[in-house]
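Below are the chains, spelled out letter by letter.
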Amino acid sequence: MAMACNTSYYGGFKELRPLFHLLLPLCLHWIAEEMTVSVLVDVTTTALCPAHSTCSQPIYINGIQQTIVGLFKMVVLPILGQLADENGRKPVLLLTVSTTIFPFALLAWNQSKGFVYAYYVLRTISYILSQGSIFCVAVAYVADVVSENNRAAVFSWITGLFSVSHVLGNVLARFLPENYIFSVSIALMIFCPVYMQIFLVETTNKLAPQMDQDLSCLTKRVAIIRKRYVSMRDAAKVVMSSSTLRSISLVSFFYEMGMSGISAVLLYYLKATFGFDKNQFSEILMMVGVGSIVSQMLVLPLVNPLVGEKVILCISLCASIAYAVLYGLAWASWVPYLSASFGVIYVLVKPSTFAIISKASSLSDQGKVQGFIAGVQSISSLLSPIATSPLTSWFLSSNAPFDCRGFSIICASVCMVISFCYACKLNPDSCSKDDAEAPLLTDI
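Residues numbered from 1 in each chain as written. Predicted model: local features only at pLDDT ≥ 70, side-chain atom pairs only at ≥ 80, totals over all residues. Heavy atoms only, no water.

Chemist: Give a description of the overall build of the protein that names residues and reports values.
Modeler: Assigned secondary structure in the protein consists of 18 helices and zero strands. Evaluated residue by residue, the protein yields a buried proportion of 56% over its 444 residues. Here the analysis covers contacts within the protein between residues at least 6 apart in sequence; of these, 86% occur between residues at least 24 apart. In the structure as shown, the protein presents an accessible area of about 18,100 Å², 68% of it carried by carbon and sulfur atoms. (Helix = DSSP H or I, 4+ residues; strand = E, 2+ residues; numbered from the N terminus. Buried < 20%, exposed > 50% of the residue type's maximum accessible area, 1.4 Å probe, protein only. Contact = heavy atoms within 4.5 Å. Areas by Shrake-Rupley, 256 points an atom, 1.4 Å probe, with all protein chains shown as cover.)

Next up, the structure:
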């Protein structure tokens, strides 16, 4: 058993070598995005609520933004997954990574009220194209080049590198002067697509079919729309024909509904309740990131062969419930730090979910299935802020019906409880005959 654990760990590490030109720019991209998170609360609040430490306007705008993003991602994410299968991973990665440059360029130029509104517009478009899709296409890229038995270990390494990037991003945000944060972030974001264009190797041999040049423009558009519809329908059939994929879709839906609702309001809630600024935000995020590195890159590859992906998923969901409840009931400024410590465990939801999905999908359907389930998650991202944003604003105001400033976060924890119930019923080995593959986590 110990030999199997060591094989899993080192096998996953060795499989990272051909992924270097994918992971390096992605890590820099994640660093660039993360270093802006803690300072954005101060920037938007200062621009929209001058002379106030907090107000409801940024909370509502974030909720509206998340709702719009969730609405469009329901369509965009499955389409991007299909395009990655049909036209290659590299073009889709270049598109999605590049979209994040423009909104932050505006804030680097000017942080006045008008520019903040323009930032929200461009960032909404960027989120529609890049949020979730970068990781989905990257997972499909991994499935192209990594052997089946080592795929789960590689997923854990990649999510671990994601946590490393978050730690480095928060370190930069903690110690860089606020005036330089956006400039450094943009420089890193520009470097990423340039590096990918030069060094990243395409892994698929599929070429998009050439449209008949004699067809009219209208006929071509109708044909493209029909092709996208057929491809989306096929992806839905693949998911619905597999009990594993159906179950993990429900787990992902309710988990994302709770977590996205919390993420939309958490920093504003902490600022209004405890007066946190970018330094406290960075400290909390760094603490979670450091622990996540250990859990994803060391613990997960060693524990997977012993307990399997279902047990890890259930434990992680339990941690996410504790995370949400503690934040919602936070009675002192040290409680958010305690709550954040559960992030060390709940971050394992993602790699275990990726492994279950990848195992239940054939190699040719990786992009479609990952994109389809990401589209399902986007539906929850659409619904959650409709409830959490007004609830948060109401309970932070003087008109709250009772004293529980984190009531919206407690409500979001209910979704995680439902996700946990579905995860307990999950049978990761119940794959369809056409798509059956060896278990990724239990047989490594």
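Chemist: Any chance you could break down empty space enclosed by the protein for me, citing the residues and the numbers?
Modeler: As enumerated under the stated definition, the model contains two cavities of 30 Å³ or more in all. Considering the residues around the second largest cavity, the lining is formed by Phe135, Ala138, Val139, Phe155, Ile158, Thr159 and Phe354. Elements with a minimum of two residues in the lining of the second largest cavity: helix H7 (133-145) and helix H8 (151-175). (1 Å grid on protein atoms, 1.4 Å probe; cavity = no way out; pocket = protein on both sides within 12 Å on 5 of 7 lines; lining within 4 Å. Points joined across faces, edges and corners; volume = space filled by probe spheres on them.)

Chemist: Outline the pattern of salt bridges, listing residues and values.
Modeler: For the structure shown, the criterion picks out four salt bridges. For Arg89, the salt bridge identified is with Asp144, shortest N-O distance 2.7 Å. You can see Arg89 sitting in helix H4 (residues 89-98) and its partner Asp144 sitting in helix H7, a full 55 residues away along the chain. On the basis of relative accessible area, Arg89 is assigned to the buried category, the value being 2%. (Salt bridge = Lys/Arg side-chain N within 4 Å of Asp/Glu carboxyl O.)

Chemist: Talk me through the nonpolar core; I want residue IDs and the actual numbers.
Modeler: If you look at the biggest cluster of nonpolar residues, it comprises 109 residues, and the most contacted ones within it are Ile248 and Leu313. Non-local contacts of Leu313, meaning those with residues more than four positions away in its chain, are made with Ile248, Val251, Val349, Ser352, Thr353, Ile356, Ala423 and Leu426. (Core = buried A, V, L, I, M, F, W, Y, C linked by side-chain atoms within 4.5 Å.)

Chemist: Before we move on, could you go through a nonpolar patch on the surface and cite the residues and values that matter?
Modeler: Side chains of Tyr60, Ile64, Ile68, Leu71 and Phe72 sit close together on the surface and give an oily, nonpolar patch of about 460 Å² of accessible area. Mapped onto the elements of the fold, Ile68 is located in helix H3 (residues 56-87). Accessibility expressed as a relative area gives 34% for Ile68, which makes it partly exposed. (Patch = residues over 30% accessible without salt bridge, like charges linked within 9 Å, V, L, I, M, F, W, Y side chains within 5 Å.)

Chemist: Requested: an account of the packing of aromatic side chains, with residues and values cited.
Modeler: Overall, the coordinates contain 20 aromatic pairs when judged by the stated rule. Consider the rings of Tyr323 and Tyr327, whose centres lie 5.0 Å apart with planes at 90 degrees: the pair is edge-to-face. Here Tyr323 and its partner Tyr327 are both found in helix H13 (residues 309-328), four residues apart, which amounts to about one turn of the helix. Each member of the pair, Tyr323 as well as Tyr327, is classed as buried. Taken together, Phe104, Tyr119, Tyr120 and Phe182 form an aromatic cluster joined through their ring pairs. (Phe/Tyr/Trp six-rings, centres within 6.5 Å; stacked < 30°, edge-to-face > 60°.)

Chemist: How would you summarise helix H16 (residues 349-359) if you had to cite specific residues and measurements?
Modeler: Of all eleven residues making up H16, ten are buried, and the element is well covered by its neighbours. Along H16, the positions that sit buried rather than exposed are Val349, Pro351, Ser352, Thr353, Phe354, Ala355, Ile356, Ile357, Ser358 and Lys359.

Chemist: Give a description of the side chain of Ser384 that names residues and reports values.
Modeler: Turning to its location among the elements, Ser384 is positioned in helix H17 (residues 366-396). Among the polar contacts made by the side chain of Ser384, one reaches the side chain of Ser260 at a distance of 2.8 Å. (Polar contact = N/O pair within 3.5 Å; in protein donor to acceptor, adjacent residues only side chain to side chain.)

Chemist: Could you give an account of H7, naming the residues involved and the relevant values?
Modeler: When the terminal C-alpha atoms of H7 are compared, their 19 Å separation across 13 residues agrees well with the 18 Å that a helix rising 1.5 Å per residue should span. Counting buried residues in H7 gives eleven out of 13 residues, a clear majority hidden from the surface. What H7 keeps buried is the set Ser133, Ile134, Phe135, Cys136, Val137, Ala138, Val139, Ala140, Tyr141, Val142 and Ala143. (Expected span 1.5 Å × (residues − 1).)

Chemist: Which residues make up the side chain of Ser252, and what are the values?
Modeler: Along the chain, the position of Ser252 falls in helix H11 (residues 243-274). Judged by its relative accessible area of 3%, Ser252 falls in the buried class. Setting aside anything within four residues of it in sequence, one finds Ser252 in contact with Thr353, Ile373 and Gln377.

Chemist: So, the packing of H11 against H16: which residues are in play, and what are the values?
Modeler: Between H11 and H16, whose axes approach to 10 Å, the crossing angle comes to 155 degrees. Regarding the angle of H11 to H16, the classification is roughly antiparallel. Handedness of the crossing formed by H11 with H16: left-handed. Contacts between H11 and H16 involve Thr244, Leu245, Ile248, Ser252, Tyr255 and Glu256 from the first element and Val349, Lys350, Thr353, Ile356 and Ile357 from the second. (Axes fitted to C-alpha atoms, helices over the stretch in contact; angles between N-to-C directions. Parallel < 35°, antiparallel > 145°, perpendicular 65-115°, else oblique. Left-handed = near helix turned anticlockwise from the far one by under 90°.)

Chemist: Describe the state of the cysteines, naming the residues involved and giving the relevant values.
Modeler: Across all of its chains, the model carries zero disulfides by this definition. With no disulfide of its own, Cys318 lies 7.0 Å from the sulfur of Cys424, the closest cysteine sulfur. The cysteine Cys411 is free of any disulfide, with Cys404 supplying the nearest cysteine sulfur at 8.4 Å. (Disulfide = S-S within 2.5 Å.)

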